Amino acid sequence: MSEYKMGKSAEMFERAKRSLPGGMDSVARVPPPNVLPHPPYFERGKGCRIWDVDGNEYVDYALGFGPLILGHCPPDLIAAVEDVIENRGTTFGICHNLEFEAAEKVVKHLPAVDLVRFGNSGTESVMIALRLARGFTGKEKIVRFEGAYHGWSDVIHWNTRSPLGAIGLKHAPRLVPGTAGIAEPYGQCLIIQPWNDPDVLRKTIKRRAHEIAAIITEPIMCNLGATMPKPGYLQFLRDICTENDILLIFDEVITAFRLGLSGAQGYFGVQPDITTIAKALGGGYPVSAVGGRREIMDLMGQHLITSAGTYNGNLLCLAAVKATLEALEQPGVYEKLHALGDRLRKGLEDVIHQAGLPVVAQGVGPVLQVWFQDTPIANYREAAGSKSQAIHPLFVRALYKRGIMLNPGQFGVWYISTAHTEQDIDFTIEAARGAIQEVKAQL
Ligand code: PMP
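Residues numbered from 1 in each chain as written. Predicted model: local features only at pLDDT ≥ 70, side-chain atom pairs only at ≥ 80, totals over all residues. Heavy atoms only, no water.

Draft legend 1. Spatial organisation of the layout of surface pockets. Its boundaries defined by the atoms lining it, the second largest pocket holds a volume of some 390 Å³. Around the second largest pocket sit 24 residues that line it, and Glu-99, Arg-117, Gly-309, Asn-312 and Gly-313 are the ones nearest its centre. Within the residue set of the lining of the second largest pocket, elements represented by two or more residues are α3 (97-109) and β4 (115-119). Its residues assigned to classes, the lining of the second largest pocket shows 11 nonpolar, 11 polar and two charged. (1 Å grid on protein atoms, 1.4 Å probe; cavity = no way out; pocket = protein on both sides within 12 Å on 5 of 7 lines; lining within 4 Å. Points joined across faces, edges and corners; volume = space filled by probe spheres on them. Helix = DSSP H or I, 4+ residues; strand = E, 2+ residues; numbered from the N terminus. Nonpolar A, V, L, I, M, F, W, Y, C, P; charged D, E, K, R; others polar.)

Draft legend 2. Just the packing of aromatic side chains, in detail. Tallying each qualifying case throughout the model produces 10 aromatic pairs. Between Tyr-267 and Phe-268 the ring centres are 5.0 Å apart and the planes differ by 85°, which places this aromatic pair in the edge-to-face class. A relative accessible area of 26% means that Phe-268 is categorised as partly exposed. Three or more aromatic residues joined by ring pairs make a cluster, and in this case those are Tyr-4, Phe-42, Tyr-58 and Tyr-400. For the cation-ring pair, Arg-44 lies above Trp-51, with the distance from its terminal atom to the ring centre recorded as 4.0 Å. Stacked on the ring of Phe-427, the Lys or Arg Arg-49 has its end atom at 5.9 Å from the ring centre. (Phe/Tyr/Trp six-rings, centres within 6.5 Å; stacked < 30°, edge-to-face > 60°. Buried < 20%, exposed > 50% of the residue type's maximum accessible area, 1.4 Å probe, protein only. Lys NZ or Arg CZ within 6 Å of the ring centre and 35° of its normal.)

Draft legend 3. Representation of the site of the ligand in the model. Neighbouring the ligand are Ser-121, Gly-122, Thr-123, Tyr-149, His-150, Gly-151, Glu-218, Asn-223, Asp-251, Val-253, Ile-254 and Lys-279. Gly-122 places a polar main-chain atom, nitrogen or oxygen, 2.8 Å from an oxygen atom of the ligand. Separating a nitrogen atom of the ligand from a side-chain N or O atom of Asp-251 is a distance of 2.6 Å. In the complex, the protein chains occlude 83% of the 390 Å² of accessible area that the ligand would expose alone. Class assignment for the residues of the shell around the ligand results in three nonpolar, six polar and three charged. (Near = heavy atom within 4 Å. Polar contact = N/O pair within 3.5 Å; in protein donor to acceptor, adjacent residues only side chain to side chain. Areas by Shrake-Rupley, 256 points an atom, 1.4 Å probe, with all protein chains shown as cover.)

Draft legend 4. Looking closely at the domain arrangement of the protein chain. Each assigned domain of the protein chain is listed here: domain 1 (7-60 + 331-442) and domain 2 (75-328). The distance between the C-alpha centroids of domain 1 and domain 2 comes to 26 Å. Listed per partner, the contact involves 26 residues of domain 1 and 32 residues of domain 2. In total, about 2200 Å² of surface goes out of reach between domain 1 and domain 2, with carbon and sulfur atoms giving 63% of it. Looking at the side of domain 1 facing domain 2, the largest losses of area belong to Tyr-334, Tyr-380 and Arg-381, adding up to 36% of the total buried there. Linking domain 1 with domain 2 are one salt bridge. Note that Arg-381 is salt-bridged to Glu-146, the shortest N-O span being 2.5 Å. The interface formed by domain 1 and domain 2 contains 12 residue pairs in polar contact (both at pLDDT 80 or more). Broken down by secondary-structure element, the contributors of at least two residues to the side of domain 1 that touches domain 2 are α11 (333-354), β13 (360-364), β14 (367-371) and α12 (380-384). Tallied by class, the residues present in the side of domain 1 that touches domain 2 amount to 16 nonpolar, nine polar and one charged. (Domains from an automatic or database assignment. Contact = heavy atoms within 4.5 Å. Buried area = accessible area lost by both parts, 1.4 Å probe. Salt bridge = Lys/Arg side-chain N within 4 Å of Asp/Glu carboxyl O.)

Draft legend 5. Quick look at the packing of helix α4 (residues 122-137) against helix α9 (residues 294-301). Two elements in contact, α4 and α9, have axes whose closest approach is 10 Å; the angle formed by their N-to-C orientations is 100°. Comparing their axes, α9 and α4 come out roughly perpendicular. Residues Ile-128, Leu-132, Gly-135 and Phe-136 of α4 touch α9, and the partners they reach there are Glu-295, Ile-296, Met-297, Leu-299 and Met-300. When grouped by side-chain class, the residues that make up the contact of α4 with α9 number seven nonpolar, one polar and one charged. (Axes fitted to C-alpha atoms, helices over the stretch in contact; angles between N-to-C directions. Parallel < 35°, antiparallel > 145°, perpendicular 65-115°, else oblique.)

Draft legend 6. Main features of unusual backbone geometry. Of note in this structure, Phe-65 is not a glycine but carries a positive phi near 65°. Within the fold, Phe-65 resides in the loop between β3 (57-60) and α2 (75-87). According to the relative accessible area criterion, Phe-65 is partly exposed, its value standing at 27%. The backbone of Asn-196 shows a phi angle near 65°, a positive value even though the residue is not glycine. Tracing the chain through its elements places Asn-196 in the loop between β8 (190-193) and α6 (198-208). The exposure class of Asn-196 is buried, given its relative accessible area of 4%.

Draft legend 7. Structural detail: the side chain of Ser-162. Among the secondary structure elements, Ser-162 is positioned in the loop between β5 (141-145) and β6 (168-169). Once residues lying within four places of it in the same chain are set aside, the contact partners of Ser-162 are Ile-167, Val-176 and Tyr-380.

Draft legend 8. The arrangement of the environment of Ile-142 in detail. Within the fold, Ile-142 resides in strand β5. With relative accessibility at 0%, the residue Ile-142 sits in the buried group. Between the C-alpha atoms of Ile-142 and Gly-284, which are 142 residues apart in sequence, the distance is 30 Å. Here Ile-142 is in contact with Leu-130, Arg-134, Ile-156, Cys-189, Leu-190, Ile-191, Ala-213, Ala-214 and Ile-216, once residues within four sequence places are set aside.

Draft legend 9. Up close: the sheet that holds strand β11 (residues 274-277). Reading across from one edge, β4-β12-β11-β10-β9-β5-β8 is the order of the seven strands in this open sheet, with mixed pairing throughout. Edge positions in the sheet fall to β4 and β8, since each of these pairs with one other strand and no more. Along the sheet, successive strands turn relative to each other by an average axial angle of 20°, direction set aside. Across four bridges, strand β9 (residues 212-217) lies against strand β10 (residues 247-252) in parallel orientation. (Pairing = 2+ DSSP bridges.)

As structure tokens, then:
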């Protein structure tokens, strides 16, 4: 193991703090203090590797928090984007062919998407999804689950990482805003529920179906450390929505075009009414989409529901969508991503077990997270109370030192790109073998 240097990153962080609040542009850049005292600063990426300004080289499983499904600097994607910038421009603010060419691909692959509208972030696509649901049903309340993350907007950023002591009992969770600065009435439009718990939800729906426009969920709780739905749970959500004139929204910002071309809806065989899509869609360019059933999406087509945006459907991003989806359409891509994910999960579980610690590496294919406990996580209350949280930061730090980059948060996920190879996975498992010994010595 070469020496882990952080001096230049530390200097850059000091400089950044003089012109940026907290020295950064997003709260998601803050590493837990027991992982690193400041964020690492990165110089460049290529394939599945990334280099920081101190010369440390890593195999990257953070992948820009998920968009880089083709890895860093994928040549065909760069060529497509360069071509459009050089020959056509970046944005017209008016119509062009790449809009429908990219849309046709999304509509073709996602079974629950008849029409699609592009935007530039997952947050805004979730906001539009909620507006569509309210407009279509004429009802106002949205059911969202404890511990879920659906972006940072006032209308949904509630009960994401709330302290256990603040959220009340599981059958009647208390509303807790995700940040200071959100007006209380936004929360009144939400009903908070525990995930993976049909009994509590059934009772809530029985009493309040007449007020509820939609239930929004990630099909896999990627933002809860890759927590899986219990068998039948997504179908239960589908059925209870259909029976009660409630729309089901799958937030597939992470899972769309990652679990497969047909997303989590194809993987689990459960179709939502509305789907939000981002991250893998653009291979690293800032693009998102909301899609769904024709009669719902048509409310925008008829201009009854507004969604707008200067940069919506810009040339640059849609050239990226088209090129990314073309790359993902190649035979064998998802078989490879799933095989690498299975290899990594098993390898991590093996080395951690061999070290005598409890472990579950949960998730599917190229989305996973390691929890230092014997059983998989089922919901937020379990996750927030898990002893794993004390060990995880030590593991992340020990991995950084050994050339493995990943989202430092226990509630985040490891991502795998098409640029990773079996050798990279095996290198990672060996790094984890050393890392876990270092962790054990600290416990
Ligand atoms: N929904 C989910 C499920 C997400 O994971 C995220 C981002 N991590 C968002 C919405 C918000 O997306 P963005 O950061 O692009 O605004």
